[in-house]
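Per-entry structural report
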Amino acid sequence: MMTDVALVNPGLKVTGPQPPLNLGYIAGYLERQNIEVAIIDERAGEKCEDRLEKICPRIVGVTAVTSTVDRAYQIGDYVGKNLDALTVLGGVHASAMPKEGLEHFDKVVVGEGERAMLDIAKGKCPERIVSRPFVKNIDEIPPPARHLIGMGFYLSLEANIGERNTSNVGTLITSRGCPYRCIFCYNNWRDTPVRYHGPERVVEELNQLAEVYAAKAFYFHDDTFTANRKRVQKICELMIGSGLSEFPWSAWTRADLVDLEMLKTMKKAGCAKLEFGFESGSQRVLDVLKKGTTVEQNMRAIRLCKEAGIWAAGAFMIGNPSETLEEIRTTEQFIEESNLDEFHVSITTPFPGTELWGWAKERGLISEPVDYSSLRIGAESPTSSDKIPKDVLRKIVLRLDAKSKLRQQSKVGLCKRAIKNPRLFFEYVKAMGSRWFS
Ligand code: B12
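Cut-off values and rules
- Residues numbered from 1 in each chain as written.
- Predicted model: local features only at pLDDT ≥ 70, side-chain atom pairs only at ≥ 80, totals over all residues.
- Heavy atoms only, no water.
- Helix = DSSP H or I, 4+ residues; strand = E, 2+ residues; numbered from the N terminus.
- Rg over C-alpha atoms; globule rule 2.2 N^0.38 Å.
- Buried < 20%, exposed > 50% of the residue type's maximum accessible area, 1.4 Å probe, protein only.
- Contact = heavy atoms within 4.5 Å.
- Core = buried A, V, L, I, M, F, W, Y, C linked by side-chain atoms within 4.5 Å.
- Domains from an automatic or database assignment.
- Buried area = accessible area lost by both parts, 1.4 Å probe.
- Salt bridge = Lys/Arg side-chain N within 4 Å of Asp/Glu carboxyl O.
- Polar contact = N/O pair within 3.5 Å; in protein donor to acceptor, adjacent residues only side chain to side chain.
- Nonpolar A, V, L, I, M, F, W, Y, C, P; charged D, E, K, R; others polar.
- Pairing = 2+ DSSP bridges.

Helices and strands together make up the secondary structure of the protein, namely 17 helices and 16 strands. For 438 residues, the compact-globule formula gives about 22 Å, and the C-alpha radius of gyration of the protein, at 22 Å, lands near that figure. With respect to the three principal axes, the spread of C-alpha positions in the protein is 65 × 55 × 45 Å. Taking all 438 residues of the protein together, 55% fall into the buried category. Restricting to contacts in the protein with at least 6 residues of sequence separation, those with at least 24 account for 73%.

As structure tokens, this is what we get:
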């Protein structure tokens, strides 16, 4: 049967790629309606144009985050010129910049994609900018169609699940949305209530990952995994009862959404690592970012993780609006005094659709035309600092990155890294050296 819909995951080089669960969800939803779907994944090394030429789909859908949208536009232009197929763009960047997407695609889907893509596939969608009501009970959406994704490629990649790096890490998403409104964050579920998969459904998907894909560990990619305390308790009880607690797992959450009893239950259920967006050691900066947490809560969350025996990891951002060098030092101090097992510091980057993007634009911090591929960690991305030059921020990030590696790795690991990348190692030493002089 001729492939009806081809869904493309663009972007050749991406750090820490994960299986495109977003396309997997849409594919699973269409397949349930007997629509023939294929997923073409450039991340897993597939040649998009070649595959499209071979399967000649009726519809080509492409997903895009800001750092991969340039490539998505190229694919839209290519199909528009060379193939007789309807082109559809979706994903976080498409929802933030729909009009721009119409310059390269026939249709742009804003927000949740399952219902929108089904209507497009059924020809029930005359409009070019498409948005459909969100699915209230997300258990109605079948699990992602992982049989259409190159799972072998993704499971061969290493990920850090606490003490050690491991491969065969199964990733899943068990909720959609986040009740908080940080100014640097924009995703497709900002305007929908937080919706959860039921504990039984979550365990069903974990069993699928373990039995069908031989996953040896799990990574929950929810924005805030512990937002619903009762649900987490139930998921953990089911994991303990079914032996899934043998598998180490990691998740993201917030400092104000953990307590000791819950952490101890999560530890029993196999939780090896928890990642927090701590962002800053300065309360004033946390308030500017509208994070809604306190410095005390952040320090308490780390303490409780240690007490429960869970590896605590934290993400911090410097170069925030109106932030001073002194306030960046308080972040460094927070990291020093905290017993964090792992931390990452990046320069705050404004992304389309965020409050920060508007703020940075007003202050001329984003020059047109924007090079979207630069909007990711470590690249030449625009900053959100109206006070501190970028090269000063970058030096601080390098120095703190060196510290993070030192804290995370044994001396042996560091020597191995030095041999593998002497230039970076020299940067570290220089950055560490500058510590004493600045
Ligand atoms: C997993 C994840 C990662 C993983 C893996 C990314 C990957 N796919 O390989 C890792 C850790 C590597 C990562 C890295 C980064 N990430 Co990230 N990541 C996420 C996270 C937590 C989940 C993504 C996901 O699977 N969501 C679940 C799916 C189901 O949601 P969805 O993608 O929105 O899909 C739905 C709709 O958008 C729509 N849809 C999506 N695609 C399509 C296509 C078509 C044709 C249609 C019709 C509909 C449609 O339908 C889908 C189902 O309803 C999101 C947060 C979030 N809540 O989305 C951040 C997020 C996507 N990441 C973000 C960022 C900024 C990054 C980084 C750039 C960070 C950095 N500064 O370096 C890097 C770079 C990654 C890159 N791709 O280049 C931002 C993107 C913002 C933007 N404007 O691009 C997000 C939204 C976080 C945030 N809130 O700011 N990330």
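Alright, that's what it looks like, and here's the rest.
So, about the nonpolar core. In a soluble, globular protein the nonpolar side chains are often hidden away together inside. In terms of nonpolar packing, the biggest core is built from 83 residues, with F218, W249, M266 and L274 touching the most fellow members. If one sorts the elements of this core by residue count, helix α1 (residues 21-31) sits on top with 7 residues. Composition of this core by domain shows at least three residues from each of domain 1 (5-132) and domain 2 (158-388). In this structure, F105, V108, L289 and L375 belong to the second largest nonpolar core, which totals 36 residues.

A word on the domain arrangement of the protein. Here the protein is described as being made up of domain 1 (5-132) and domain 2 (158-388). The centre of domain 1, based on its C-alpha atoms, is set 27 Å off from the matching centre of domain 2. Taken residue by residue, the interface counts 18 residues in domain 1 and 22 residues in domain 2. Carbon and sulfur atoms supply 53% of the area that domain 1 and domain 2 bury against each other, a total of about 1600 Å² over both sides. The interface formed by domain 1 and domain 2 includes 3 salt bridges. Ionic pairing is found between R176 and E112, a salt bridge with its closest N-O pair at 2.9 Å. For the pair domain 1 and domain 2, the number of links is 9 residue pairs in polar contact (both at pLDDT 80 or more). In terms of residue count, the dominant contributor to the side of domain 1 that touches domain 2 is helix α4 (residues 92-96) (4 residues). Of the residues in the side of domain 1 that touches domain 2, the class split is 7 nonpolar, 7 polar and 4 charged.

Our focus in this paragraph is the pairing of strand β9 (residues 169-172). Here β9 shows no split at all, with V169 and T171 on one side and G170 and L172 on the other all buried. Where β9 and strand β12 (residues 217-220) come together, 4 bridges link them in parallel fashion. In the sheet register, V169 faces β12, and the bridge partner there is A217.

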